[in-house]
Amino acid sequence: MSPESTGQNDHYLRVFWRAFRVWRGNRPFWAGLFTMVGGLPIAYFPYANMHLGNVTLAMSTTAGAGSLIIGVLLITLGLTMWFHHIVRVFAGIAAILLALISIPVANLGGFLIGFLFSMLGGALSVSWAPGEPKPEPESAGAGDFETAGNGRGAQEPGPEFHTTAAVSQQPEQYDTTVDVDGGRNRAG
């Protein structure tokens, strides 16, 4: 590289932030985050001890193992929404069902904190759809084709424009091999 080069000299944090924004935009990021945040209180509260002055309040219940399993599954579903966004609808529905199950099992769904975050994350995951890519700019040759068809330019395509770009249809190719055994298929 020479001192005259005009290469991009951004700070590494700025480059990291741009890459993170691109990564975040291609998946249901907030759905996964809310689902994981909702799984934490559901898994934590049954095993927590709260100290109020000299008094220790144990919130452990008989459903501690069920709460831990629900919380870990919600955290796993949140990570699934991030890293395998193809199954986002399944993960969202599973998060909603686990959040509903956590109400009777896990101290009212982590005292409603985990329940609300998990429900919100599951709903966001089910409703998320990937964005459509931006249309690519047309090349200079495409404008010549448009003006040649109707003489009006690219701003006002007329009905004759669509007739100049007619696509010739090819007949579908069929398999012309001859079947043996009188036209019946064999498995072996």
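Here, the structure is the one placed above.
Residues numbered from 1 in each chain as written. Predicted model: local features only at pLDDT ≥ 70, side-chain atom pairs only at ≥ 80, totals over all residues. Heavy atoms only, no water.

Colleague: Whenever I open this one, the overall build of the chain confuses me. Can you help?
Modeller: Looking only at helices and strands, one finds 8 helices and 2 strands in the chain. The buried share of the chain, taken over its 188 residues, is 26%. Entry remark: accessible area of the chain is about 13700 Å², with carbon and sulfur atoms responsible for 63%. (Helix = DSSP H or I, 4+ residues; strand = E, 2+ residues; numbered from the N terminus. Buried < 20%, exposed > 50% of the residue type's maximum accessible area, 1.4 Å probe, protein only. Areas by Shrake-Rupley, 256 points an atom, 1.4 Å probe, with all protein chains shown as cover.)

Colleague: It is not clear to me how the packing of helix α2 (residues 29-44) against helix α6 (residues 113-127) should be interpreted in this structure. Could you clarify?
Modeller: When two helices pack together, their arrangement is given by the angle between their axes and by how far apart the axes lie. Close contact between α2 and α6 brings their axes to 7 Å; oriented N to C, the two are set at 155°. When the axes of α2 and α6 are compared, the pair comes out roughly antiparallel. Classified by chirality, the crossing of α6 by α2 is left-handed. Contacts between α2 and α6 involve W30, A31, F34, T35, V37, G38, G39, P41 and I42 from the first element and I113, G114, F115, F117, S118, L120, G121, G122, L124 and S125 from the second. Looking at side-chain class alone, the contact of α2 with α6 contains 11 nonpolar, 8 polar and no charged residues. (Axes fitted to C-alpha atoms, helices over the stretch in contact; angles between N-to-C directions. Parallel < 35°, antiparallel > 145°, perpendicular 65-115°, else oblique. Left-handed = near helix turned anticlockwise from the far one by under 90°. Contact = heavy atoms within 4.5 Å. Nonpolar A, V, L, I, M, F, W, Y, C, P; charged D, E, K, R; others polar.)

Colleague: Even after reading the chapter, I still don't get helix α3 (residues 64-83), so can you show me in this structure?
Modeller: One turn of an α-helix holds 3.6 residues; hence residues three or four places apart share an orientation. The end-to-end C-alpha distance of α3, which contains 20 residues, comes to 29 Å, matching closely the 28 Å that a straight helix rising 1.5 Å per residue would cover. In this structure, the buried side of α3 is in contact with α1 (12-25), α2, α4 (88-105) and α6. (Expected span 1.5 Å × (residues − 1).)

Colleague: Any chance you could explain the nonpolar core here in plain terms?
Modeller: Generally speaking, soluble globular proteins have nonpolar side chains that are buried together. In terms of nonpolar packing, the biggest core is built from 11 residues, these being A31, I42, I70, L74, L77, M81, A91, A94, A95, L98 and A106. In contact with A31, not counting residues within four places along its chain, are M81, G121, L124 and S125. (Core = buried A, V, L, I, M, F, W, Y, C linked by side-chain atoms within 4.5 Å.)

Colleague: Just to check I follow, could you spell out the packing of aromatic side chains for this structure?
Modeller: Here the distance between the centres and the angle between the planes together describe a pair of aromatic rings. Counted by the stated rule, this structure contains 13 aromatic pairs. Where W17 meets F20, the ring centres are 5.5 Å apart and the plane angle is 40°; that geometry is what we call tilted. Remark: F20 and W17 occur in helix α1; sequence separation between them is 3 residues, near one turn of the helix. What makes W17 partly exposed here is its relative accessible area of 45%. By relative accessible area, F20 is classed as partly exposed at 22%. (Phe/Tyr/Trp six-rings, centres within 6.5 Å; stacked < 30°, edge-to-face > 60°.)

Colleague: Just checking my understanding: could you explain the packing of α4 against α6 for this structure?
Modeller: Axis separation between α4 and α6 bottoms out at 7 Å; the angle between their running directions is 160°. Classified by the angle their axes make, α4 and α6 are roughly antiparallel. At the point where α4 passes α6, the crossing takes the left-handed sense. Note on element contacts: α6 touches α4 through F115, S118, M119, G122, A123, S125 and V126, opposite R88, V89, G92, I93, A95, I96, A99, L100, S102 and I103. Looking at the contact of α4 with α6, its residues break down into 11 nonpolar, 5 polar and 1 charged.

Colleague: What is the right way to look at the pairing of strand β2 (residues 55-58) in this model?
Modeller: Each regular strand shows side chains that alternate between the opposite faces of the sheet. In this structure, strand β1 (residues 49-52) lies alongside β2, joined through 4 bridges in antiparallel fashion. The partner of M50 across the bridge, within β2, is L57. The hairpin turn running from β1 into β2, its antiparallel successor, is 2 residues long, and G53 in that turn takes a positive phi close to 70°. (Pairing = 2+ DSSP bridges.)

Colleague: Would you mind going over the side chain of S67 with me for this structure?
Modeller: With respect to the helices and strands, S67 occurs in helix α3. With relative accessibility at 0%, the residue S67 sits in the buried group. Discounting residues that sit within four places of it in the chain, S67 has contacts with I42, A43, P46, V105 and A106.

Colleague: Would you mind showing me how to read α2 here?
Modeller: Spanning 16 residues, α2 covers 23 Å between terminal C-alpha atoms, matching the ideal 22 Å at 1.5 Å per step. Of all the residues in α2, the buried ones are F29, A31, G32, T35, M36, G38, G39, P41, I42 and A43. The secondary structure elements touched by the buried residues of α2 are α1, α3, α4, α5 (107-111) and α6.

Colleague: Even after reading the chapter, I still don't get unusual backbone geometry, so can you show me in this structure?
Modeller: Glycine aside, residues mostly have negative phi, and peptide bonds are mostly found in the trans state. Residues other than glycine seldom take positive phi values, yet N107 does so here, at roughly 50°. Within the secondary structure layout, N107 lies in helix α5. The buried category is assigned to N107, whose relative accessible area is 17%. In this model, F111 sits at a positive phi of 55°, which is unusual for a non-glycine residue.

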